[in-house]
Amino acid sequence: MAPDQPTNRPADALKSPCEPVAQEFNIHIDADGAWFHEGGLIRRPALVKLFASILRREADGSYWLVTPVERGTITVADAPFIAVSITVTGVGTDQQISFTTNVDNTVILSADHPLTMRQLPNDAEGDITTATVPYIYVRDRLEAKLNRPVFYELAGYATSNDQGVFGVWSSGSFFRLEP
């Protein structure tokens, strides 16, 4: 066989991997962090965790499940993850706050994983809402929304900084809890 002829050996396939063709998966994550496929709730936590591990968010805001052989868009109502528990160690400026998500990821509140407060959009009837919701950066443009009990527990650790802003200290940084 001539040196410039293609071969069909398995090792040759790894030398020039091709980009998977983009698809649209019929998967949706609702505002409470529940995952659905074709309208049915995905009830296996291990499967949700597997999907969560391959979830990516592009710069345009679209969500994708990406493997070496498949790549498909999914829809997300709000944030793909929910912070379901909080752990606090230390006190004052030496305090460290960590959150555990619904897919068992642990994220330490820090400059690399900041907390942001965002105003909820107006509701479907156009009524103006004044509620703000806390989110923590997890990875790759992906965030976890703090569920209400976790946010209330976090608020219990809040203090005012030198400028009178209400917030919490974690990993040497101050994070505001007001819009």
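Each chain has its residues counted from 1, following the order in which its sequence is written. Confidence filtering applies because this is a predicted model: local features only for residues at pLDDT of at least 70, side-chain atom pairs given and counted only at 80 or more, and all residues used for totals across whole chains, interfaces and linings. With hydrogens and water stripped out, all remaining heavy atoms of the structure feed into the side-chain values.

### Details of the pattern of salt bridges
Any carboxyl oxygen of Asp or Glu that lies within 4 Å of a side-chain nitrogen of Lys or Arg is treated as forming a salt bridge with it. Using the criterion set out here, one finds 6 salt bridges in the structure. Salt-bridge contacts for Asp 140 lead to Arg 139; the nearest nitrogen and oxygen are separated by 3.4 Å. Here's how the labels work: a residue is buried when its accessible area is under 20% of the maximum for its type, exposed when over 50%, partly exposed in between, all with a 1.4 Å probe on protein chains only. A relative accessible area of 39% means that Asp 140 is categorised as partly exposed.

### Things to note about the packing of aromatic side chains
Pairing of aromatic side chains here covers Phe, Tyr and the six-membered ring of Trp, requires ring centres within 6.5 Å, and sorts the geometry by plane angle: under 30 degrees stacked, over 60 edge-to-face, intermediate tilted. For the structure on display, the rule yields 3 aromatic pairs. Considering the side-chain rings of Phe 151 and Tyr 152, the 6.5 Å spacing of their centres and the 40 degrees angle between planes classify their relative orientation as tilted. Given a relative accessible area of 17%, Phe 151 falls into the buried group. Judged by relative accessible area, which is 54%, Tyr 152 ranks as exposed. Consider the rings of Trp 169 and Phe 174, whose centres lie 5.3 Å apart with planes at 65 degrees: the pair is edge-to-face. Accessibility expressed as a relative area gives 23% for Trp 169, which makes it partly exposed. Charges are assigned to positions over rings by a cutoff of 6 Å between ring centre and Lys NZ or Arg CZ, combined with an angular limit of 35 degrees from the ring normal. Taking NZ or CZ as reference, Arg 71 lies 4.1 Å from the ring centre of Trp 64, over its face. Its end group placed over the ring of Tyr 135, Arg 118 keeps NZ or CZ at 3.9 Å from the ring centre.

### Thoughts on helix H2 (residues 45-53)
The way it works is that DSSP assigns letters per residue, a run of H or I at least four long becomes a helix, a run of E at least two long becomes a strand, and they are numbered from the N terminus. Among all positions in H2, only Val 48, Phe 51 and Ala 52 are buried. Projected onto a plane normal to the axis of H2, the buried residues spread over an arc of 100 degrees and lie on a single side. It only takes one pair of heavy atoms within 4.5 Å for two residues to be counted as in contact. Packing partners of the buried residues in H2 comprise strand E1 (22-29), strand E2 (35-37), strand E4 (55-57), strand E5 (63-66), strand E7 (81-89) and strand E11 (132-139). When we speak of the arc, we mean the arc of directions from the helix axis to the C-beta atoms.

### Some thoughts on the environment of Leu 47
Inspection of the secondary structure assignment puts Leu 47 in helix H2. Between the C-alpha atom of Leu 47 and that of Trp 35, which follows or precedes it by 12 residues, the distance is 9.8 Å.

### Considering the sheet that holds E5
For two strands to pair, DSSP has to find at least two bridges joining them. Read across the open sheet, the 6 strands follow the order E3-E2-E1-E6-E5-E4; overall the sheet is mixed. The sheet terminates laterally at strand E3 (40-41) and E4, the two strands that pair on one side only. Across 4 bridges, E5 lies against strand E6 (residues 71-76) in antiparallel orientation. Along E6, the bridge assignment pairs Trp 64 with Thr 73.

### A closer look at the confidence of the model for the chain
For every residue, the predictor reports its confidence as pLDDT, a number between 0 and 100. Of the residues in the chain, 83% reach a pLDDT of 70 or more, and the chain-wide mean stands at 87. Averaged over each element, pLDDT in the chain is lowest for helix H1 (residues 10-15) (52) and highest for strand E8 (residues 96-101) (98).

### Regarding the environment of Gln 23
Mapped onto the fold, Gln 23 is located in strand E1. Sequence spacing of Gln 23 and Glu 70 is 47 residues, and the spatial spacing of their C-alpha atoms is 7.9 Å. Beyond its immediate chain neighbours, meaning those up to four positions away, Gln 23 contacts Trp 64, Glu 70, Arg 71, Gly 72 and Thr 73.

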